[in-house]
Amino acid sequence: MKKIALFASGNGSNFQAIVDEIEKGALAAVIAVLVTDKPHCFAVERARKHNIPVFSFVPKNYPSKDEYEREIAFYLIEKNVSLIVLAGYMRLVGEVLLTAFPNRIINIHPTLLPAFPGKNGIKQAFDYGVKIFGVTVHYVDAGVDTGKIIAQESFKPEENETLQEIEEKIHAIEYQLYVKVIREHFVSLC
Ligand code: GAR
């Protein structure tokens, strides 16, 4: 069974969507660990509810990114993790993890990249007045939401749709698209 590490820093609703698919038997994988840089985030509560191990760390307690990434990499390799799935992990991935898991780290972003990378992507796109919204899943490299695109899904909003309504639609797309990509591109490889 493919072992996945989920990385999250906040609410963890994408993490939850993946857990739910696995528990339904719709995704043949195991979540070996939730890794977080925010020990008190809601994603941690979600993980505990499902008895998923949590690896939490506080970046400022380490002399460098290399140091904490080495600890994470060691842990993941020991657990036989073969795919890292970023789900709202709001931190750049560094050389240590990129080297330890080449082409094995993916991310989801709530816009049609390369437009509107970084934080608050949906609001950035909304304020800009885009006519098509969407979601991107991509390989992770050293940049902010850069890296080769694996899949995208888009939609045209209705007239006068609010930011909140658009956010809801985007999140609903995220939950389905991420599971689909993991199933079709990664789980099937093992
Ligand atoms: C998601 O919308 C994800 O696309 C976004 O953070 C949110 C996390 O929500 N990621 C980025 O903006 C990456 N640059 P969640 O914690 O409820 O899954």
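These figures come from a predicted structure and were not determined experimentally.

Colleague: So what's going on with the site of the ligand? Which residues, and what values?
Modeller: Near the ligand lie 13 residues; those nearest to it are Gly 12, Ser 13, Asn 14, Asp 145 and Glu 174. Between the ligand and the protein, one listed contact pairs an oxygen atom with a backbone N or O atom of Ile 108 at 3.5 Å. If the ligand stood free it would expose 450 Å²; the protein chains cover 89% of that surface. Here the residues of the shell around the ligand sort into three nonpolar, eight polar and two charged.

Colleague: How would you summarise the packing of helix H1 (residues 13-24) against helix H2 (residues 42-49) if you had to cite specific residues and measurements?
Modeller: Geometry of a packed helix pair, given as the angle between the helix axes and the separation of the axes. Here H1 crosses H2 at 20 degrees, and the two axes come no closer than 9 Å. Between H1 and H2, the angle is such that the two are roughly parallel. Once H1 is placed against H2, the crossing between them reads as right-handed. Counting all contacts with H1, which are made through Ser 13, Phe 15 and Gln 16, the residues of H2 involved are Ala 43, Arg 46 and Ala 47.

Colleague: Any chance you could break down the packing of aromatic side chains for me, citing the residues and the numbers?
Modeller: Summed over all chains, the structure comprises eight aromatic pairs. Geometrically, the ring pair formed by Tyr 139 and Phe 186 is edge-to-face, given 6.1 Å between the ring centres and 75 degrees between the ring planes. Highlighted residues: Tyr 139 in strand S6 (residues 133-139) and Phe 186 in helix H6 (residues 163-186), separated in sequence by 47 residues. Residue Phe 186 is classed as buried on the basis of its relative accessible area of 0%. Taken together, the ring pairs in this structure connect Phe 55, Phe 57, Tyr 62, Tyr 68 and Tyr 75 into an aromatic cluster.

Colleague: Tell me about the pattern of salt bridges, residues and numbers included.
Modeller: Scanning the entire structure with this criterion turns up six salt bridges. Between Glu 21 and Arg 183 there is a salt bridge, with the nearest N and O atoms lying 3.6 Å from each other. Here the residue Glu 21 occupies a position in helix H1, and Arg 183 occupies one in helix H6, the gap between them amounting to 162 residues. Owing to a relative accessible area of 16%, Glu 21 belongs among the buried residues under this scheme. One salt-bridge network, held together by shared partners, links Glu 21, Lys 24 and Arg 183.

Colleague: An account of the environment of Ala 100 is requested, with residue identities and associated values reported.
Modeller: Within the element layout of this structure, Ala 100 appears in helix H4 (residues 95-100). Sequence spacing of Ala 100 and Ala 26 is 74 residues, and the spatial spacing of their C-alpha atoms is 28 Å.

Colleague: Could you give an account of the sheet that holds strand S7 (residues 149-155), naming the residues involved and the relevant values?
Modeller: Across the sheet, seven strands lie side by side as S3-S2-S1-S4-S5-S6-S7; this open sheet has mixed pairing. Looking at strand neighbours, the two that pair on one side only are strand S3 (54-56) and S7, the edges of this open sheet. Neighbouring strand axes in the sheet, compared pairwise and without regard to direction, differ in orientation by 20 degrees on average. Across three bridges, strand S2 (residues 29-36) lies against S3 in parallel orientation. In the sheet register, Val 35 faces S3, and the bridge partner there is Phe 55. Against the sheet, H6 contacts strand S1 (2-8), strand S4 (83-86), strand S5 (105-109), S6 and S7, and its axis sits at roughly 150 degrees relative to S7.

Scoring rules and cut-offs
Residues numbered from 1 in each chain as written. Predicted model: local features only at pLDDT ≥ 70, side-chain atom pairs only at ≥ 80, totals over all residues. Heavy atoms only, no water. Near = heavy atom within 4 Å. Polar contact = N/O pair within 3.5 Å; in protein donor to acceptor, adjacent residues only side chain to side chain. Areas by Shrake-Rupley, 256 points an atom, 1.4 Å probe, with all protein chains shown as cover. Nonpolar A, V, L, I, M, F, W, Y, C, P; charged D, E, K, R; others polar. Axes fitted to C-alpha atoms, helices over the stretch in contact; angles between N-to-C directions. Helix = DSSP H or I, 4+ residues; strand = E, 2+ residues; numbered from the N terminus. Parallel < 35°, antiparallel > 145°, perpendicular 65-115°, else oblique. Left-handed = near helix turned anticlockwise from the far one by under 90°. Contact = heavy atoms within 4.5 Å. Phe/Tyr/Trp six-rings, centres within 6.5 Å; stacked < 30°, edge-to-face > 60°. Buried < 20%, exposed > 50% of the residue type's maximum accessible area, 1.4 Å probe, protein only. Salt bridge = Lys/Arg side-chain N within 4 Å of Asp/Glu carboxyl O. Pairing = 2+ DSSP bridges.

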